[in-house]
Amino acid sequence: MSNQAVLHICLSKGWGGLEMYPIRTGGQFREKGWKVLGMCLKGSRVAQGMREQGIETYEVESKFASIRQLNRIHQWLRKNGVNLIHCHKSGDLVVAALLDTLSAYRIIFTEHMGVTRPKKDIYHRWVYNHVDQVLSISEATKKRNLKALPVPAEKIQRLWLGTEIRPAINDSEHILKVRAELGIPDNATVIGIVGRFGTAKGQKELLDAFITLAKRHPELPLHLLMVGGLQADQGSDIELVEKLQATIERSGLFDVIHLPGFRKDTENMLAVMDVVAILSHNEAFGLTVIEAMAAEKLILGSNTGAIPEILGENYPFTVNPLEISDIQDQLEKIVIKPVELALFAQKLKERAESHFSTTIHNGNLEKVYEGK
């Protein structure tokens, strides 16, 4: 594409990986020399994030307001030389489709969730007829999209997400300092989990498995570190958090189970962990998986959703995330006989670097933008 200009549409009030993606990617493409514009809801976190990245925004009160202002938006895009639109929520595609009726835009849609219900009625057939390329963030979501969307198979491709692959923290003094801050002994074997507390994220199952394991092996210095916001405004399920806290209290193991709350220093939290559990019930992708891989950590992952494909074929440490006994048994194998585990962790880091870096993702996305 000669003019290298793109509009990201994300009319979301929420805040999560989906909303962060166009902000992060838009900023990175600006650094590559692209002209990047954003359409978002007025007063939203998305609007704030785009402005912080230096992205010029067109802000509307609602999706319906954007439809009413369609001609004005079209003129704004023409003025800025934009004929490429990248959407991130299925509900926003109608805006792009209507713009496409005014002029020939190239429309890309990153399907972040994985469609679970068929969308082949008249309305969706009309909307998706204007979409030039659907990007599925994993093979798992691609299979769902092929089945559910009224789009030819050749217009649906898998494009893994990427993240910044930072050097793993191996400074033993720094790690011991962070452990001390958290109240974790130097010699402890730390099993950890990072992410928003939710019923489908696996914290409950991990906690139950850990309690059984710790009581079965009181001779082992096992600690559990569960990192994530403990408040509703941090996106967590407060009812679940309260249940977990009550379970910890009943277990009598509150001195070896740590809930430090929301932390911005994810890299420090991963650094103190020996095993990172990622037990989401049906993850569409999982950037946390890649962050843990990049931190050169052994991962106990779910055998469902996109997690197995991220970890790679034949990776041995996966479990049914709903089977507490399965989780416990695998953890027991890991902590009782930690033979050659460092080799597995090293291979995970190498896989993260070769498949899931920001550079690789953006290079592949740019090819899509340019129709290659």
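Report follows, based on the coordinates. What you are looking at is a predicted structure, and each value in this text was computed from that prediction instead of being measured.

How each quantity is defined
- Residues numbered from 1 in each chain as written.
- Predicted model: local features only at pLDDT ≥ 70, side-chain atom pairs only at ≥ 80, totals over all residues.
- Heavy atoms only, no water.
- Phe/Tyr/Trp six-rings, centres within 6.5 Å; stacked < 30°, edge-to-face > 60°.
- Helix = DSSP H or I, 4+ residues; strand = E, 2+ residues; numbered from the N terminus.
- Buried < 20%, exposed > 50% of the residue type's maximum accessible area, 1.4 Å probe, protein only.
- Lys NZ or Arg CZ within 6 Å of the ring centre and 35° of its normal.
- Pairing = 2+ DSSP bridges.
- Axes fitted to C-alpha atoms, helices over the stretch in contact; angles between N-to-C directions.
- Contact = heavy atoms within 4.5 Å.
- Salt bridge = Lys/Arg side-chain N within 4 Å of Asp/Glu carboxyl O.
- Disulfide = S-S within 2.5 Å.
- Right-handed = clockwise from strand over helix to strand, strands pointing away.
- Expected span 1.5 Å × (residues − 1).
- Arc of directions from axis to C-beta.

Concerning the packing of aromatic side chains
Link 1 in the chain: Considering all chains together, one arrives at 10 aromatic pairs under this definition.
Link 2 in the chain: Aromatic pair W34 and Y369: ring centres 5.4 Å apart, planes at 55 degrees, arrangement tilted. Linking W34 in the loop between α1 (17-31) and β2 (35-41) with Y369 in helix α16 (residues 358-369), this pair joins segments that are 335 residues apart in sequence. You'll find W34 and Y369 in the same group, each marked buried.
Link 3 in the chain: An aromatic cluster is built from F29, W34 and Y369, whose rings are joined through pairwise contacts.
Link 4 in the chain: In this arrangement the basic side chain of R45 is found over the ring face of W15, its NZ or CZ atom lying 4.3 Å from the centre.

Remarks on the sheet that holds strand β1 (residues 5-10)
Strand pairing in a sheet relies on backbone hydrogen bonds, with the paired strands running either antiparallel or parallel.
Link 1 in the chain: Spatially, β3-β2-β1-β4-β5-β6-β7 is the arrangement adopted by the 7 strands of the open sheet, whose pairing is parallel. Whereas interior strands pair on both sides, the edge strands pair on one side only; in this sheet they are β3 (56-60) and β7 (156-158). Taken pair by pair, the neighbouring strands of this sheet meet at an average axis angle of 20 degrees, ignoring direction.
Link 2 in the chain: The pairing of strand β4 (residues 84-87) with strand β5 (residues 106-111) spans 4 bridges and is classified as parallel. If you follow C87 over to β5, its bridge partner there is F109.
Link 3 in the chain: Each of β1, β2, β4 and β5 touches helix α5 (residues 93-102); the most contacted strand, β5, lies at about 170 degrees to it.

Some thoughts on the pairing of strand β11 (residues 275-278)
Link 1 in the chain: The alternating pattern of β11 places V275 and A277 on one face and V276 and I278 on the opposite face, and all of these are buried.
Link 2 in the chain: Two elements, strand β8 (residues 189-194) and β11, share 2 bridges in a ladder whose sense is parallel. Paired with G192 across the two strands is V276, which belongs to β11.
Link 3 in the chain: By the bridge criterion, 4 bridges tie β11 to strand β12 (residues 298-302) in an arrangement that is parallel. In the sheet register, V276 faces β12, and the bridge partner there is I299.

With respect to the pattern of salt bridges
Link 1 in the chain: In this structure the tally under the stated criterion is 14 salt bridges.
Link 2 in the chain: We note a salt bridge from R166 to E267, for which the minimum N-O separation is 3.8 Å. Taken together, the residues R166 in the loop between β7 and α8 (172-182) and E267 in helix α11 (residues 266-271) connect sequence positions 101 residues apart.
Link 3 in the chain: By relative accessible area, R166 is classed as partly exposed at 45%.
Link 4 in the chain: Beyond isolated ion pairs, a larger network of salt bridges with shared partners links E164, R166 and E267.

Observations concerning the sheet that holds strand β13 (residues 318-319)
Link 1 in the chain: Here we have 6 strands laid out as an open sheet, ordered β10-β9-β8-β11-β12-β13, and parallel in their pairing. Among the strands making up the open sheet, the edge pair consists of β10 (257-261) and β13.
Link 2 in the chain: Pairing of β12 with β13, which is carried by 2 bridges, proceeds in the parallel orientation. The residue bridging S302 from the neighbouring strand is V319, located in β13.
Link 3 in the chain: Those strands touched by helix α12 (residues 287-294) are β8, β11 and β12, and its axis lies near 170 degrees from that of β11.

A closer look at the state of the cysteines
Every disulfide links exactly two cysteines, by a covalent bond between their sulfur atoms.
Link 1 in the chain: Tallying each qualifying case throughout the model produces 0 disulfides.
Link 2 in the chain: Looking at C10, it has no disulfide partner, and the nearest cysteine sulfur is the one in C40, 8.1 Å off.
Link 3 in the chain: Note on C87: no disulfide assigned, nearest cysteine sulfur contributed by C10 at a separation of 9.5 Å.
Link 4 in the chain: The exposure class of C87 is buried, given its relative accessible area of 0%.

As for the pairing of β8
Link 1 in the chain: Here β8 lies mainly inside the structure; 5 of its 6 residues are buried.
Link 2 in the chain: Note that β8 and strand β9 (residues 222-227) share 6 bridges and pair parallel. Considered in β9, the bridge of I193 is made with M226.
Link 3 in the chain: In this fold, the crossover linking β8 to β9 by way of helix α9 (residues 203-216) has right-handed handedness.

Some details on helix α10 (residues 238-251)
Link 1 in the chain: With 14 residues, α10 should cover 20 Å at 1.5 Å per step; its first-to-last C-alpha distance of 20 Å lies within 8% of that length.
Link 2 in the chain: Taken residue by residue, α10 has L240, V241, L244, T247, I248 and S251 as its buried positions. Taken down its axis, α10 places every buried residue within 125 degrees of arc, on the same side. Away from the buried face of α10 by more than 90 degrees, exposed residues E239, K243, E249 and R250 are located.

Focus on unusual backbone geometry
Link 1 in the chain: Positive phi values are uncommon outside glycine, yet E296 reaches one of about 60 degrees.
Link 2 in the chain: Mapped onto the fold, E296 is located in the loop between α12 and β12.
Link 3 in the chain: Residue E296 is classed as partly exposed on the basis of its relative accessible area of 30%.
Link 4 in the chain: Here the phi dihedral of N314 falls at roughly 70 degrees; this positive angle occurs in a residue that is not glycine.
Link 5 in the chain: Position of N314 among the secondary structure elements: in the loop between α13 (307-311) and β13.

Observations concerning the side chain of S357
Link 1 in the chain: Mapped onto the elements of the fold, S357 is located in the loop between α15 (341-355) and α16.
Link 2 in the chain: For S357, a relative accessible area of 12% translates into the label buried.
Link 3 in the chain: Not counting the four nearest positions on each side in its chain, S357 is found in contact with G162, T163, I165 and A352.

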